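# Understanding the architecture of this molecule
Here is how the chains run, residue by residue.
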Amino acid sequence: MASGHPKLMLISTTTLVLGAALLLLAGVASAAGNFYQDVDITWGDGRGKILNGGQLLTLSMDRSSGSGFQSKNQYLYGRFDMQLKLVPGDSAGTVTTFYLSSQGSQHDEIDFEFLGNASGEPYTVHTNVYSQGKGGREQQFRAWFDPTKDFHTYSVVWNPSHIVFYVDGVPIRDFRNMASAAAVPFPTSQPMRVYASVWDAEEWATQGGRVKTDWSKAPFVASYRGFAAAGCTAGGAAECAKSNGAWMFQELDAAGQEQLRKAQATYMIYDYCTDKYRFPQGPPPECSAAK
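Positions within a chain are numbered from 1, following the residues in the order the chain's sequence is written. Side-chain atom pairs in this predicted model are given and counted only at pLDDT of 80 or more, local residue features only at pLDDT of at least 70, and totals for whole chains, interfaces and linings cover all residues. To get the side-chain values, take all heavy atoms of the structure and skip hydrogens and water.

## Here we look at the pairing of strand β14 (residues 192-200)
Keep this limit in mind: Two strands are said to pair when DSSP picks up at least two bridges between them. Comment: elements are numbered from the N terminus, with helices defined as DSSP H or I runs of at least four residues and strands as E runs of at least two.
Judged from the 6 bridges that link them, strand β5 (residues 67-75) and β14 form a sheet pairing that is antiparallel. Paired with Y75 across the two strands is M192, which belongs to β14.

What follows is the structure, given as structure tokens:
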């Protein structure tokens with residue numbers, strides 16, 4: 001990972017008070033890790049349930065509807081962690097999500113989507129980044145574990161320079177700000193909420209839509225826990241630029257870059273930057289600028 005646990009150190013009471021004041025000025029918030037406090041279930045007509053005193057949230061889908069929730073806070077930059085246990089068994093046609101998004105036709109978005117599968121086939125971990133309404137920046141991976149057996153942690157670090165995707169602390173993608181080098185928009189000004197959902201995407205989710213949803217297996221249930229959001233909740237980019245959270249300056253060090261290289265070499269199954277069918281005239285400008 002890009003940063004380890006800080007060493008224990010002695011800090012004076014004055015320093016602690018000053019640091020807390022600076023965090024408040026910058027509009028920094030950290031989620032308490034209780035779904036009752038942190039999120040609103042926004043759709044699904046009762047198919048989303050908060051359990052275990054707020055420590056667990058389940059989303060389900062049947063033929064009538066899926067379900068979803070969103071964070072109460074919205075953030076401009078931060079670190080966002082969620083533990084998920086995905087739909088087990090034959091989950092073909094289903095998509096389970098954990099993502100950030102702003103609103104409107106020119107929205108920004110940072111996506112983790114998990115594309116279901118027929119029994120015995122691996123899930124696809126799908127990532128994408130939208131900026132100013134433009135997406136199409138997909139990278140896909142195979143998980144190196146069964147994501148339906150246990151909870152695993154999926155994380156996003158978003159700051160003015162980088163968007164880094166992690167799986168169980170391993171970086172799998174680093175989308176860098178290429179606005180200056182390649183004139184590519186990067187999410188820097190629109191606050192985003194955290195969203196999650198389970199929904200029906202049988203037209204494309206599994207083998208390009210060739211494998212449809214088996215509704216006899218419904219309801220399809222995914223489980224969420226361990227939500228942690230540490231980020232800037234202030235009203236504008238100028239205030240958030242003052243944030244001094246570790247996530248504001250986080251980037252991959254040499255060890256993290258090596259982890260990223262190995263993860264992509266071993267587990268990546270699709271990279272839009274190498275898709276000659278979609279981009280016969282050459283890859284998008286950020287692909288070349290990032291090398």
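Next, the rest of the story.
## As for the UniProt feature "glycosylation site" (unreviewed entry) in the protein chain
Put simply, the rule reads: UniProt positions are given in the numbering used here, feature names are shortened, and annotations may be inferred rather than shown by experiment. We call two residues in contact when some of their heavy atoms are within 4.5 Å.
Sites flagged by UniProt as "glycosylation site" (unreviewed entry) map to N117. By secondary structure assignment, the location of N117 is in the loop between β8 (109-115) and β9 (124-130). Residue contacts for N117: discarding those within four places in its chain leaves G89, D90, S91, A92, P122, Y123 and T206.

## Quick word on the packing of aromatic side chains
Both the distance between ring centres and the angle between the ring planes are used here to describe each pair of aromatic rings. Keep this limit in mind: Aromatic rings from Phe, Tyr and Trp, with only the six-membered ring used for Trp, were paired whenever their centres fell within 6.5 Å, and each pair was classed as stacked if the ring planes differed by under 30 degrees, edge-to-face if by over 60, and tilted otherwise. Think of it in three bands: residues with accessible area under 20% of the maximum for their type are buried, residues over 50% are exposed, and the middle band is partly exposed, with areas taken using a 1.4 Å probe on protein chains only. The criterion is that NZ of a Lys, or CZ of an Arg, lies within 6 Å of the ring centre and within 35 degrees of the ring normal, and then a charge sits over that ring.
In this structure the tally under the stated criterion is 15 aromatic pairs. Taking 6.4 Å as the distance between ring centres and 10° as the angle between the ring planes, the aromatic pair formed by F98 and F112 counts as stacked. Of this pair, F98 sits in strand β7 (residues 94-101) while F112 sits in strand β8, and the two are 14 residues apart along the sequence. Accessibility classification places F98 together with F112 in one group, the buried group. Positioned above the aromatic ring of Y166, the side-chain terminus of R79 is 5.3 Å from the ring centre.

## Concerning the sheet that holds strand β10 (residues 139-142)
In a beta sheet, neighbouring strands are held together by backbone hydrogen bonds and run either parallel or antiparallel to one another. Using the following cut-off: Lines fitted to C-alpha atoms define the axes here, with helix axes fitted over just the stretch in contact, and angles between the N-to-C directions of these axes take values from 0 to 180 degrees.
If you trace the 8 strands from one edge of the open sheet to the other, you get β2-β5-β14-β7-β8-β9-β10-β16, paired in antiparallel fashion. Only two strands of the sheet have a single neighbouring strand rather than two, namely β2 (39-43) and β16 (268-271). Geometrically, the sheet is characterised by an average inter-axis angle of 15° between neighbouring strands, direction not taken into account.

## A short note on the state of the cysteines
Inclusion rule: In what follows, a disulfide is any cysteine sulfur pair within 2.5 Å.
A full pass over the atoms with the stated rule returns 2 disulfides. Disulfide pairing places C232 opposite C240 at an S-S distance of 2.1 Å. Torsion about the S-S bond of the C232 and C240 cystine: about -85°, corresponding to left-handed handedness. For the pair formed by C232 and C240, the shared burial category is buried. Numbered by order of appearance in the sequence, the disulfide-linked cysteines of the protein chain pair as 1-2, 3-4.

## Observations concerning the environment of Y224
If you trace the backbone, Y224 turns up in strand β15 (residues 220-232). Since its relative accessible area comes to 0%, Y224 is described here as buried. Between the C-alpha atoms of Y224 and L86, which are 138 residues apart in sequence, the distance is 8.7 Å.

## Thoughts on the side chain of H152
Just so we agree on the cut-off: Under this definition, polar contacts are N or O atom pairs within 3.5 Å; protein pairs additionally need one hydrogen-donor-capable and one acceptor-capable atom, and for neighbouring residues in sequence, both atoms have to be side-chain atoms.
Looking at the secondary structure, you find H152 in strand β11 (residues 152-158). Of note is the side chain of H152, whose polar atom sits 2.7 Å from the side chain of D168. With near-sequence residues (within four places) excluded, H152 lies in contact with M82, Q83, L84, F145, D146, P147 and D168.

## Some details on the pairing of β7
Extensive coverage of β7 is indicated by the burial of 7 of its 8 residues. Sheet analysis places β7 next to β14, joined by 8 bridges and oriented antiparallel. Opposite T97, over in β14, you have S197 as the bridge partner. Relative to β8, β7 runs antiparallel, the two sharing 7 bridges.

## So, the environment of D200
Examined against the element boundaries, D200 turns out to sit in strand β14. Polar contacts involving the side chain of D200 include one to the side chain of T213, which spans 3.5 Å.

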